[in-house]
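Read off the chains here:
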Amino acid sequence: MLNIALPKGRLGEKVYELFEKAGYECESIRENNRRLTFENPEKGIRYFWVKPSDVSIYVERGAADIGVCGKDILLEYEPDVYELLDLKMGKCRMAVAAPKGFRDNTAATLKVATKFSNIAAKHYAKKSRDIDIIHLNGSIELAPILGLSDVIVDIVETGKTLIENGLEPIEDIVPISARLIANKAHYGFKTDKINEIKNSLEKILENK
Ligand code: PRP
């Protein structure tokens, strides 16, 4: 069995549809229940749903052979996995945003609220900008509104959340999309099967 970790949620459903189109369907996944694992013994695959930010942990530690997660997670946690393919879905960008009219006072330490502390630290280190990172777990847009931070580093998809909270993007850091990843050791001894899946997914993406 090849174990495949999919990110629970909207992106995961789109990703599963791609796997299905590529020939790796699993009928039982569409049943309305709370099960987290689904198998197709004929195809030799087993899917399981995990929290999007946990996919790379399952794959890095070998509990999953392959998985799909956002480039944001790969950049933030730097898991020791192979990145095999850009699935070109879940597209968004990592950006710095600030309240409208914000002016950076470079003489002071910049307070940055984010879920992505590593990405933010690296971004500002490159610019030699002194920052104080405030690590939050969600609703990042609140931080500058309440004076907890000057700016935020966060994912921007449509930009709606920023606009509705009086913020605007002031700097793009990196484009983000979903990636197919593989456990390094398992890729070594399941190369053919993993490559077969990767190539089938690639073909579907090319014909889109
Ligand atoms: C993400 C991100 C923004 C929002 C951006 O939040 O942190 O808040 O989506 O999307 P938009 O540009 O289309 O408005 P998510 O839904 O993952 O929740 P959380 O960060 O608050 O946990």
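Each chain has its residues counted from 1, running along the sequence as written. Thresholds applied to this predicted model are a pLDDT of at least 70 for local features of residues and 80 or more for the giving and counting of side-chain atom pairs; totals over whole chains, interfaces and linings are not thresholded and use all residues. No hydrogens and no water enter the side-chain calculation; it runs on all heavy atoms of the structure.

Visitor: Hey, could you run me through the side chain of serine 56 in this one?
Guide: For helices the rule is a DSSP run of H or I covering at least 4 residues; for strands it is a run of E covering at least 2, with both sets numbered from the N terminus onward. Along the chain, serine 56 falls in helix H2 (residues 55-60). Residue class for serine 56 comes out buried when judged on its relative accessible area of 3%. The contact rule is simple, with two residues in contact once any of their heavy atoms fall within 4.5 Å. The residues contacting serine 56, other than those within four sequence positions of it, are Cys69, Ile73, Pro79, Val81 and Ile181. Residue exposure (1.4 Å probe, protein chains only): buried if accessible area is under 20% of the type maximum, exposed if over 50%, otherwise partly exposed.

Visitor: Can you walk me through the pattern of salt bridges in this structure?
Guide: Pairing between side chains becomes possible if they bear opposite charge and their charged atoms approach one another. We count a salt bridge whenever a side-chain nitrogen from Lys or Arg sits within 4 Å of a carboxyl oxygen from Asp or Glu. Tallied over the full model, the rule gives 12 salt bridges. The partner of lysine 71 in a salt bridge is glutamate 83, and the shortest N-O contact between them spans 2.9 Å. Note that lysine 71 is positioned in helix H3 (residues 71-77) and glutamate 83 in strand E5 (residues 81-86), a separation of 12 residues in sequence. Here lysine 71 falls in the buried class, since its relative accessible area comes to 18%. Arginine 93 serves as the salt-bridge partner of aspartate 172, at 2.8 Å between the closest nitrogen and oxygen. Within this pair, whereas aspartate 172 is found in strand E10 (residues 167-176), its partner arginine 93 is found in strand E6 (residues 92-99), the two being separated by 79 residues in sequence. One continuous salt-bridge network, built from bridges that share partners, spans Lys71, Glu83, Asp86 and Arg179.

Visitor: Help me understand the side chain of arginine 129 in this model?
Guide: Looking at where arginine 129 falls in the secondary structure, it is placed in the loop between helix H4 (117-126) and strand E8 (131-135). Any pair of nitrogen or oxygen atoms within 3.5 Å is treated as a polar contact; in protein, a donor-acceptor pairing is required on top of that, and neighbouring residues in sequence qualify only through side-chain atoms on both sides. Of the polar contacts made by the side chain of arginine 129, one reaches the backbone oxygen of asparagine 105; its length is 3.1 Å. Within the structure, arginine 129 has its side chain in polar contact with the backbone oxygen of alanine 108 (distance 2.8 Å). Sequence-distant contacts of arginine 129, that is, excluding residues within four places in its chain, are made with Asp104, Asn105, Thr106, Ala108, Thr109, Leu110 and Tyr124.

Visitor: What exactly am I supposed to notice about the packing of aromatic side chains here?
Guide: The relative placement of two aromatic rings is captured by the distance of their centres and the angle of their planes. A pair of aromatic rings is counted whenever rings of Phe, Tyr or Trp (Trp by its six-membered ring) have centres within 6.5 Å, and the orientation is called stacked for planes under 30 degrees apart, edge-to-face for over 60 and tilted otherwise. Using the criterion set out here, one finds four aromatic pairs in the structure. When the centroid spacing of 5.5 Å and the interplanar angle of 85 degrees are considered together, the rings of tyrosine 16 and tyrosine 47 count as edge-to-face. Of this pair, tyrosine 16 sits in helix H1 (residues 10-21) while tyrosine 47 sits in strand E3 (residues 45-50); the two residues are 31 residues apart in sequence, bridging distant segments of the chain. The class for tyrosine 16 is buried, based on a relative accessible area of 3%. Relative to tyrosine 47, the ring of phenylalanine 19 has its centre 5.9 Å away and its plane inclined at 90 degrees; by these criteria the two rings are edge-to-face. Of the two residues, phenylalanine 19 sits in helix H1 while tyrosine 47 sits in strand E3, which places them 28 residues apart along the sequence. Exposure remark for tyrosine 47: the relative accessible area of 0% places this residue in the buried category. Here the aromatic cluster, defined as three or more aromatic residues joined through ring pairs, consists of Tyr16, Phe19 and Tyr47. The rule for a charge over a ring is simple: NZ of Lys or CZ of Arg within 6 Å of the ring centre, and within 35 degrees of the ring normal. Taking NZ or CZ as reference, arginine 35 lies 5.7 Å from the ring centre of phenylalanine 38, over its face.

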